[in-house]
Structure formats: C-alpha cells, structure tokens
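# Examination of the molecular architecture
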Amino acid sequence: MAGEKTIVCRCEEVTLETIVDTIEQYSCSSREVKLRTRAGMGYCGGRTCRNVIDRIVAATNGEPIKDELQLSYRSPIRPATFEVLGGGHENES
Amino acid sequence: MRMRVDHHPVLGKQTDRKQVTIFFNGKPYDAYEGDTIASAMMAQGVYALRQHEVSGNARGVYCNIGHCYECRVKVEDRKVVRACLTTVYHGMEIDSLSGFSEGNE
C-alpha cells in the first residue's frame, strides 16, 4: 500500500499504518476501526475517509465490501452551533 | 497577484473586477469581489488558514467544494464559515479558529 505514514482520516490525523495495525490485531469491521482509532469521527463527519476505511478493512480482511452501510451517518450531519439549534440568526458554521 | 489567472484562454481578460481589502488575522490582503476567502488567500500565497486542533499542523483548503470543512475560519465575531464557500467583501475581518502561530505558514 501507499507509504505507511499516509493520512487516511484528515480530521483526526489517523494514518494508514494505525488503521491497518488495528485491523490486523483485532480483525475488526469498519465500525470497530472507527471506535478504536477515531478514524471517521472528525469534523467532516466521515465524508472524506468513510469509503477509504471500508476499502482498507475489506482489503486487509480479504473479504468483499459489504453492501449495507458500515459507518452510519450520525447527527448532526453537518456542524451546528447552539445558536442554530436554538433558532438564532443564520450562522452557517 | 502571483497566483491569479489574469488572461484566461476561454474567459478572456479579467477586466471589470473591483478590488477589495480583507483582513486575515489582522493583516490586510488584496482580493477581488467575487473571490471566496479560500481563493483570495490562495492568490496571496497564504495556504494555512487554521491549525489542526491537536497536532497543530497547518491546515487549509482541501476539497474547495464545502465538503470537508478543513478551511473553516471565523468571520467577524464568532461566525464560523467555510472559506471555500464564503465570498469576500470589502473590510472583511477573518481570523483563524484555534490559536494560530504566525510561523506556521
């Protein structure tokens, strides 16, 4: 694979090396990788690395990518300030 | 403007552009109306818009389509926006979100 220091999850700065090690050690699913390494938990909500994590898990475990959604979309689906939640003026955040 | 395309092969010469001044972390920068904060700063050679909250690594524009939130900056008081989606206006005050040390360009 690419250089081990390649960053997979930009928001949390989780490297490919960390993810692959975690999978090899625990032979875990995408969800478990996310829980163990925080990859996919960042500010962007997994937009950037969700698919990459799925592919790495599938490749490392040697299984086809599962059909159903591995890393579900968690609210808030985009960052929201308390002001927005509380109905203040239009703060896009 | 080192990075600007002044004569575009398709769009032709960029003539009717109104120059504005924006402030990033207190320093003035030139920009044109219609620029986004991201493109205006990039044209001025400023790529680091914020620092990673944990490691302090410089972060800036990444997806440029409002998808990844890497370019989030603070505008005026406490208004957090994505630099790649926000157009500039004259006298716009922009600040980095976390404690931004100058040397980390």
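The rules behind each value
- Residues numbered from 1 in each chain as written.
- Chains lettered and ligands numbered in written order.
- Predicted model: local features only at pLDDT ≥ 70, side-chain atom pairs only at ≥ 80, totals over all residues.
- Heavy atoms only, no water.
- Contact = heavy atoms within 4.5 Å.
- Buried area = accessible area lost by both parts, 1.4 Å probe.
- Salt bridge = Lys/Arg side-chain N within 4 Å of Asp/Glu carboxyl O.
- Nonpolar A, V, L, I, M, F, W, Y, C, P; charged D, E, K, R; others polar.
- Buried < 20%, exposed > 50% of the residue type's maximum accessible area, 1.4 Å probe, protein only.
- Helix = DSSP H or I, 4+ residues; strand = E, 2+ residues; numbered from the N terminus.
- Pairing = 2+ DSSP bridges.
- Polar contact = N/O pair within 3.5 Å; in protein donor to acceptor, adjacent residues only side chain to side chain.
- Phe/Tyr/Trp six-rings, centres within 6.5 Å; stacked < 30°, edge-to-face > 60°.
- Axes fitted to C-alpha atoms, helices over the stretch in contact; angles between N-to-C directions.
- Patch = residues over 30% accessible without salt bridge, like charges linked within 9 Å, V, L, I, M, F, W, Y side chains within 5 Å.
- Areas by Shrake-Rupley, 256 points an atom, 1.4 Å probe, with all protein chains shown as cover.

Within an unreviewed UniProt entry, the label attached to chain B reads (2Fe-2S)-binding protein, and the organism entered is Oceanobacillus piezotolerans.

As recorded in an unreviewed UniProt entry, chain A goes by (2Fe-2S)-binding protein and comes from Oceanobacillus piezotolerans.

### So, the interface of chain B and chain A
Interface size, as often reported, equals the accessible area lost upon joining of the parts. Listed by partner, the interface residues are 16 residues for chain B and 15 residues for chain A. Approximately 1,400 Å² of surface area, both sides summed, lies buried where chain B meets chain A, with 46% of it carried by carbon and sulfur atoms. There are 2 salt bridges connecting chain B and chain A. Between E13 of chain A and R59 of chain B there is a salt bridge whose closest N-O contact spans 2.8 Å. Classifying every residue of the side of chain B that touches chain A by side-chain character gives 6 nonpolar, 4 polar and 6 charged.

### Remarks on the pairing of strand β9 (residues 92-95) of chain B
All names here are of chain B. The two faces of β9 differ: M92 and I94 on one face are buried, but E93 and D95 on the other face are not. The pairing of strand β3 (residues 19-24) with β9 spans 3 bridges and is parallel. When the sheet's bridge partners are listed, F23 is paired in β9 with E93. Pairing between strand β7 (residues 72-75) and β9: 2 bridges, direction antiparallel. If you follow K74 over to β9, its bridge partner there is D95.

### Quick look at the side chain of S30 of chain A
Residues and elements named next belong to chain A. Counting through the fold element by element, S30 comes out in helix α2 (residues 30-37). S30 gets classed as buried once you look at its relative accessible area, which sits at 2%. Side chain to side chain, S30 and D54 meet in a polar contact 2.6 Å long. Setting aside residues no more than four positions away along its own chain, S30 makes contact with I53, D54, V57, Q70 and L71.

### Topic: the packing of aromatic side chains
One pass over the full model with this rule turns up 2 aromatic pairs over all chains. Centre to centre, the rings of Y43 of chain A and Y69 of chain B are 5.5 Å apart; their planes meet at 55°, and the pair counts as tilted. You can see Y43 of chain A sitting in the loop between α2 and α3 (50-61) and its partner Y69 of chain B sitting in the loop between β6 (58-59) and β7, one on each of two chains. On the basis of relative accessible area, Y69 of chain B is assigned to the buried category, the value being 2%. Relative to Y29 of chain B, the ring of F24 of chain B has its centre 6.5 Å away and its plane inclined at 55°; by these criteria the two rings are tilted.

### Re the sheet that holds strand β8 (residues 79-82) of chain B
Residue and element names in this part refer to chain B. Taken in spatial order, the 5 strands make up an open sheet running β4-β3-β9-β7-β8, and their pairing is mixed. Edge positions in the sheet fall to β4 (27-32) and β8, since each of these pairs with one other strand and no more. For this sheet the average axis-to-axis angle between neighbouring strands, irrespective of direction, equals 40°. Across 4 bridges, the pairing between β7 and β8 is antiparallel. Within the sheet, the bridge partner assigned to V75 lies in β8 and is K79.

### Things to note about a nonpolar patch on the surface
On the surface, a nonpolar cluster with roughly 350 Å² of combined accessible area is contributed by L69, Y73 and I77 of chain A. Mapped onto the fold, Y73 of chain A is located in the loop between α3 and α4 (82-85).

### Notes on the pattern of salt bridges
Overall, the coordinates contain 12 salt bridges over all chains when judged by the stated rule. A salt bridge links E63 of chain A to K66 of chain A, with the nearest nitrogen and oxygen atoms 3.3 Å apart. For E63 of chain A, a relative accessible area of 29% corresponds to the partly exposed category. Ionic pairing is found between E70 of chain B and R50 of chain B, a salt bridge with its closest N-O pair at 3.7 Å. Here R50 of chain B lies in strand β5 (residues 50-51) and E70 of chain B lies in the loop between β6 and β7, a separation of 20 residues in the sequence. The same class applies to E70 of chain B as to R50 of chain B, namely buried.

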